[in-house]
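# Summary of the model geometry
The residues making up each chain are set out below.
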Amino acid sequence: MRILIAGGRVIDPASGVDEVVDLLIEDGRIVRIGKDVRGARSGVQGAEPPDASKGRRSKAAKNSESAINVDRVMDAAGLVVCPGLIDMHVHLRQPGREDKETIATGTLAAARGGFTAVCCMPNTDPVNDTRSVTEFILDTAKREGAVHVYPVGAITKGLRGEELAEIGELFESGCVAVSDDGRPVMNAELMRRAMEYAGMFDLPVISHCEDLHLSGNGVVHEGIVSTELGLHGVPSASEAAMVARDILLAELTGARLHIAHVSAAESVRLIREAKARGVQVSCEATPHHFALTEEAVRGFNTNAKMNPPLRSESDRQAILAGLRDGTIDVIATDHAPHTAQEKEQEFDVAPFGVIGSETALALTLSTLVASGVLPLNQAIAKLTSEPARILKLPKGRIAEGADADLTIFDPDRDWTVDAFGFASKSRNTPFHGWELKGGTVATIVAGKVVWEA
Amino acid sequence: MGLTRKDLLRMQELTADEIRLILDTAESMKQVAGRDIKKVPALRGKTLINLFYEASTRTRMSFEIAGKWLSADVINVSTSSSSVAKGESLKDTGLTLQAMHPDIVVLRHPASGAAEFLAKQLAASVINAGDGAHEHPTQALLDLFTIREKKGRLEGLKAAIVGDIAHSRVARSNIHGMRKVGMEVRVAGPRTMLPCFIDRLGVEVFTDLERAIADVDIIMMLRLQIERQQAGLFPSLREYSRLFGLTLPRLKGAKSDVLIMHPGPINRGVEIAPEVADGPYSLILNQVENGVAVRMALLYLLAGAPQAG
Amino acid sequence: MVRGFFYALNLMAAELNEKAQILDQAGIQRAVTRIAHEIVERNKGTSDLVLIGLRSRGVDLARRIAKELKIIDGADIPVGTLDVTLYRDDLGRVGVQPVVRKTEISFSINEKRVVLVDDVLYTGRTIRAALDSLIDLGRPRLIQLAVLVDRGHRELPIRADYVGKNVPTSRQEQVQVLLTEEDGVDGVLMVKG
């Protein structure tokens with residue numbers, strides 16, 4: 001199977017490439033990149049490359065290719081072609097809650113959103129704290145998944161925060177990081193040992209930073225909206241205090257710490273300072289935290305209930321600043337599907353979490369790129385090369401010989417979010433009805449088109 | 001001039017004119033309570049369901065009497081809050097209720113926003129009789145009615161609301177209501193019970209009771225939930241009452257014609273000394289009496305409201 | 001200028017067409033006096049007599065009748081105010097609920113001769129509401145009805161005991177009673193629909 005992606009604006013943040021070139025894909029790899037690939041294929045028409053040095057290569061290409069059929073030409077004129085997006089924070093819910101999402105539907109939702117790889121968090125049922133669960137996920141993903149799935153293993157058995165999980169075995173069976181996502185490891189001593197232990201395998205420890213005592217039974221950000229609505233608030237300090245603790249533990253242990261879904265200005269500040277000191281810390285922000293504030297909760301909108309909560313406008317501004325100055329390395333969705341009946345409840349009772357796979361790219365383009373917060377190549381880096389770097393995945397770049405995981409998107413397409421058209425099993429998005437700019441045109445995983453507009 | 005809304009969910013959404021209409025109507029309703037035959041046919045053939053997920057004697061009784069005096073058929077449904085998690089969801093309860101075609105549903109629920117949630121499910125009018133720490137609009141309306149009855153006006157009066165502001169729906173509804181009718185509002189309590197940014201609702205914030213009650217016209221004491229001690233919000237009942245209990249000696253620093261209110265039920269000797277609760281300036285029983293008139297007014301006004309499809 | 005003149009003329013003509021005066025101030029006064037005399041005659045005096053006016057113009061008329069009764073009989077006849085809103089049979093049908101005002105009857109109506117006073121008698125539904133309301137307030141010895149204008153079109157078996165003026169109307173027409181107390185001027189007008 002040979003596919004030619006012709007005339008697209010290829011942006012590869014890892015190499016700094018941003019130009020209109022063709023890509024030729026074969027057997028799951030990118031085999032050729034160049035302005036002349038098209039010329040080679042249509043050589044009969046006598047098209048000659050303008051550049052002499054590339055022209056030599058082009059002639060060679062023409063010779064080799066004139067004999068081979070290209071199975072498909074994708075016209076990417078006016079579109080952006082970038083490394084396949086990597087979402088390092090999703091919940092696929094399988095095994096255990098297949099009513100919310102499955103590996104099949106969750107990865108299809110990812111593909112629809114332009115992602116070619118996802119990292120699934122271990123809070124399944126059973127928890128991904130053993131080889132058998134990791135292997136089940138990987139096997140199912142291989143059979144049914146639309147995109148690559150990289151499991152994240154548990155830090156502690158059953159996410160109970162009591163004893164370390166068998167992190168060595170999780171690493172061997174394919175986990176790319178460890179996390180007790182959703183359940184902060186409250187015991188600092190245990191967290192220290194987890195970092196030391198994970199460090200043996202050079203696995204990053206992904207921390208959901210939250211002091212459960214400070215959060216109490218909070219369901220929204222502690223601010224003017226919690227005060228007005230009479231909802232229990234979670235202060236920013238609940239997150240920031242744990243960010244501070246984990247940074248200190250990372251300094252102590254030398255481990256690689258990745259802080260999930262940063263929401264508070266104080267956290268951004270702490271991470272910025274830690275990076276300046278040389279601590280091995282990275283972090284991610286979600287589209288909902290950079291696009292929304294606590295105001296979205298008004299009317300007791302349970303689709304704006306997630307953990308960490310949507311915070312104030314000044315926190316959102318701090319997230320934007322962190323994205324701009326590189327303090328925040330990655331954009332990840334924290335895609336957290338829940339059924340309609342779970343969300344259609346009293347605000348206190350409804351579960352935390354929103355889905356994000358199918359809106360993340362468009363929100364990044366609309367909220368960050370269109371408004372000038374981030375240049376396009378940096379925005380793409382936070383969705384491709386940066387997560388690949390943190391997780392040490394051989395992904396997130398466009399190069400001859402590299403895996404043919406590619407995302408083609410139209411940066412100018414206007415569309416309206418319709419949750420009922422999602423590939424995800426769930427509909428719990430706060431962005432239903434939003435008008436966004438920028439949509440996925442095609443998602444290519446290992447040389448195969450897995451989703452197409 | 002009438003009430004055109006389907007539901008009464010929060011004071012925050014009412015206009016000053018709507019508040020005035022409700023209070024004026026309540027004045028007319030109060031006459032019915034003074035008659036030998038305490039019944040008018042205004043809501044004949046209407047069905048009122050009192051759906052209470054929290055124990056409440058006075059509010060439920062008040063709505064029940066109000067409905068009956070207006071000739072509505074009143075049905076009381078009490079569900080303990082513990083069964084909310086296990087049993088039928090509020091949405092399903094709403095759909096079940098809808099199938100019985102009630103005209104008005106009065107909801108008391110421990111979760112903030114529950115009334116708004118139910119209102120979206122039901123074609124019937126929904127009256128919020130207290131949702132979590134959010135709002136308790138009928139309490140605020142009866143408080144305003146009682147103040148107006150005693151003082152002859154509302155505008156320009158100064159009130160201090162004292163106690164656990166953070167967890168109080170009564171405080172929130174009164175803050176909104178009092179501000180809308182032109183009153184000045186102070187809140188006072190231990191720092192641990194004052195929610196963040198409360199000043200943005202247009203109130204002055206105090207942690208010293210004596211300073212808070214100096215030169216106000218109304219002191220509204222809130223019930224202290226004893227369980228808050230375990231949550232670490234105050235060290236002991238003794239210290240709470242020493243710092244924030246309304247006692248006769250403390251009252252000496254207040255205006256001589258200050259009015260004392262309390263939404264009840266009172267913790268005698270904790271937030272309010274017995275001699276203050278039973279004293280000449282205490283409006284606590286007037287509040288209960290007026291509750292019926294205000295709720296009659298609301299039932300009457302909402303019964304003509306357009307029903308959602 | 002000329003156009004303005006004709007415009008004003010047209011307006012006056014429209015006024016004349018659409019509003020015909022049925023009673024002027026003197027006519028109203030004569031009707032009130034005659035009703036007062038008839039009340040005394042029918043009840044053989046004014047003992048146990050009370051007047052209850054329906055909000056709002058019925059109350060003004062009741063007060064005027066009471067003044068006449070004082071002149072005729074020298075007695076101070078108590079006047080009460082009745083608001084029948086809560087007894088209306090169209091509540092909940094008309095959209096926004098009508099404003100409920102106070103009923104102010106500071107005396108007992110038990111065993112009294114009650115004369116209900118209203119401005120216009122039309123379908124009779126308001127009087128039905130008033131009768132139900134009075135029965136809830138006590139047990140009068142008898143209830144009589146006085147109206148300034150009876151315009152017909154009854155929908156209930158109700159008849160006035162004292163009528164200022166019978167005015168045949170069509171259902172499309174409206175009868176407007178203006179009283180100095182409420183409107184600054186006395187007069188009864190018929191307005192074409």
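A quick note: this is a predicted structure, and the numbers were derived from the prediction, not measured.

Residue and element names in this part refer to chain A. Tallied over the entire structure, the rule returns 71 salt bridges over all chains. With its nearest N and O atoms 3.1 Å apart, the salt bridge here joins Asp403 to Arg29. Here Arg29 lies in strand β3 (residues 29-34) and Asp403 lies in the loop between α16 (385-391) and β16 (406-416), a separation of 374 residues in the sequence. Taking relative accessible area as the criterion, Asp403 reaches 24% and is therefore assigned partly exposed. In this structure, Asp246 and Arg245 form a salt bridge, with 3.0 Å as the shortest nitrogen-oxygen distance. Pair check on accessibility: Asp246 and Arg245 agree, each one buried. Taken together, the shared-partner salt bridges connect Arg29, Lys395, Asp403 and Asp405 into one network.

The subject of this paragraph is the interface of chain B and chain A. With 23 residues of chain B at the contact, the number on the chain A side is 17 residues. Buried surface at the junction of chain B and chain A, both sides included, amounts to about 1600 Å², of which 58% is carbon and sulfur. The largest share of the area that chain B buries against chain A comes from B:Ser112, B:Phe117 and B:Cys196, three residues that together contribute 26% of it. Applying the counting criterion to the chain B and chain A interface returns one salt bridge. Where chain B touches chain A, the interface holds six residue pairs in polar contact (both at pLDDT 80 or more). Within the residue set of the side of chain B that touches chain A, elements represented by two or more residues are α4 (90-99) and α5 (114-121) of chain B.

Moving on to the state of the cysteines. Residues and elements named next belong to chain A. Counted under the stated rule, the structure contains zero disulfides over all chains. For the unlinked cysteine Cys175, the closest cysteine sulfur is that of Cys120, found at 8.0 Å. No disulfide involves Cys209; its nearest neighbouring cysteine sulfur is the one of Cys283, lying 9.8 Å away.

The next point concerns the interface of chain C and chain B. Counting from both sides, the interface comprises 18 residues of chain C and, opposite them, 24 residues of chain B. Contact with chain B buries surface across chain C, with C:Leu86, C:Gln97 and C:Lys102 losing the most and accounting together for 36% of the total. Applying the counting rule to chain C against chain B returns two salt bridges. B:Glu27 is the salt-bridge partner of C:Lys102, the closest N and O atoms lying 3.1 Å from each other. Inspection of the region where chain C meets chain B yields nine residue pairs in polar contact (both at pLDDT 80 or more). Here the side of chain C that touches chain B is built from residues that sort into nine nonpolar, five polar and four charged.

With that settled, the discussion passes to the confidence of the model for chain A. Mean pLDDT over chain A stands at 93; residues scoring 70 or higher make up 93%. Here residues 41-67 of chain A is modelled with pLDDT under 50, and outside its nearest four sequence neighbours on either side it reaches 29 contacts, counting other chains as well.

All names here are of chain A. Under the definition given, this model contains five aromatic pairs over all chains. Arranged with centres 5.8 Å apart and planes meeting at 65 degrees, the rings of Tyr197 and Phe201 form a pair that is edge-to-face. Of the residues examined, Tyr197 reaches a relative accessible area of 34% and is grouped as partly exposed. Measuring from ring centre to ring centre gives 4.7 Å for Phe431 and Trp434, while their planes differ by 85 degrees; the resulting arrangement is edge-to-face. Its relative accessible area of 29% is what places Trp434 among the partly exposed residues. Chaining the aromatic ring pairs together yields one cluster made of Phe171, Tyr197 and Phe201.

For the rest of this paragraph, the subject is the sheet that holds strand β7 (residues 174-178) of chain C. Residues and elements named next belong to chain C. In space, the three strands of this open sheet follow the order β1-β8-β7, with antiparallel pairing throughout. Looking at the sheet topology across the chains shown, the edges are occupied by β1 (19-23) and β7. Along the sheet, successive strands turn relative to each other by an average axial angle of 30 degrees, direction set aside. As defined by bridge partners, β1 adjoins strand β8 (residues 187-191) across four bridges and the pair is classed as antiparallel. In the strand pairing of β8, Leu23 is matched with Val188.

Bringing helix α12 (residues 313-325) of chain A into the picture now. All names here are of chain A. With 13 residues, α12 ought to run about 18 Å at 1.5 Å a step, and its terminal C-alpha atoms sit 18 Å apart, in line with that. Among all positions in α12, only Asp315, Arg316, Ala318, Ile319, Leu320, Gly322 and Leu323 are buried. Backbone geometry just downstream of α12 places Gly326 in the positive-phi region, at approximately 90 degrees.

Time to look at empty space enclosed by the protein. Residues and elements named next belong to chain C. As enumerated under the stated definition, the model contains five cavities of 30 Å³ or more in all. Each pocket or cavity is described by its volume, and for the largest cavity that value is around 50 Å³. Taken together, Val32, Ile35, Leu61, Ile65, Val117, Asp118, Ala146, Val147 and Leu148 make up the full set of residues lining the largest cavity. Where the lining of the largest cavity is concerned, the elements lending two or more residues are α2 (25-42), α3 (57-73), β4 (113-121) and β5 (142-150). Ranked by residue count, the leading element in the lining of the largest cavity is β5, at three residues. Residue composition of the lining of the largest cavity, grouped by class: eight nonpolar, no polar and one charged.

Let's shift gears to the layout of surface pockets. The volume enclosed by the largest pocket comes to roughly 860 Å³. Around the largest pocket, the lining comprises 32 residues; the ones closest to its centre are B:Glu54, B:Arg108, B:Gly132, B:Arg169 and B:Gln225. If you list the elements that add at least two residues to the lining of the largest pocket, you get α2 (58-69), β3 (104-109) and α7 (169-180) of chain B. In the lining of the largest pocket, the residues fall into ten nonpolar, 14 polar and eight charged. If you go around the second largest pocket, you meet 36 residues; those closest to its centre are A:Asn123, A:Asp181, A:Gly182, A:His338 and A:Phe352. Looking at the lining of the second largest pocket, its residues break down into 13 nonpolar, 15 polar and eight charged.

Procedures and definitions
Residues numbered from 1 in each chain as written. Chains lettered and ligands numbered in written order. Predicted model: local features only at pLDDT ≥ 70, side-chain atom pairs only at ≥ 80, totals over all residues. Heavy atoms only, no water. Salt bridge = Lys/Arg side-chain N within 4 Å of Asp/Glu carboxyl O. Helix = DSSP H or I, 4+ residues; strand = E, 2+ residues; numbered from the N terminus. Buried < 20%, exposed > 50% of the residue type's maximum accessible area, 1.4 Å probe, protein only. Contact = heavy atoms within 4.5 Å. Buried area = accessible area lost by both parts, 1.4 Å probe. Polar contact = N/O pair within 3.5 Å; in protein donor to acceptor, adjacent residues only side chain to side chain. Disulfide = S-S within 2.5 Å. Nonpolar A, V, L, I, M, F, W, Y, C, P; charged D, E, K, R; others polar. pLDDT = per-residue confidence, 0-100. Phe/Tyr/Trp six-rings, centres within 6.5 Å; stacked < 30°, edge-to-face > 60°. Pairing = 2+ DSSP bridges. Axes fitted to C-alpha atoms, helices over the stretch in contact; angles between N-to-C directions. Expected span 1.5 Å × (residues − 1). 1 Å grid on protein atoms, 1.4 Å probe; cavity = no way out; pocket = protein on both sides within 12 Å on 5 of 7 lines; lining within 4 Å. Points joined across faces, edges and corners; volume = space filled by probe spheres on them.

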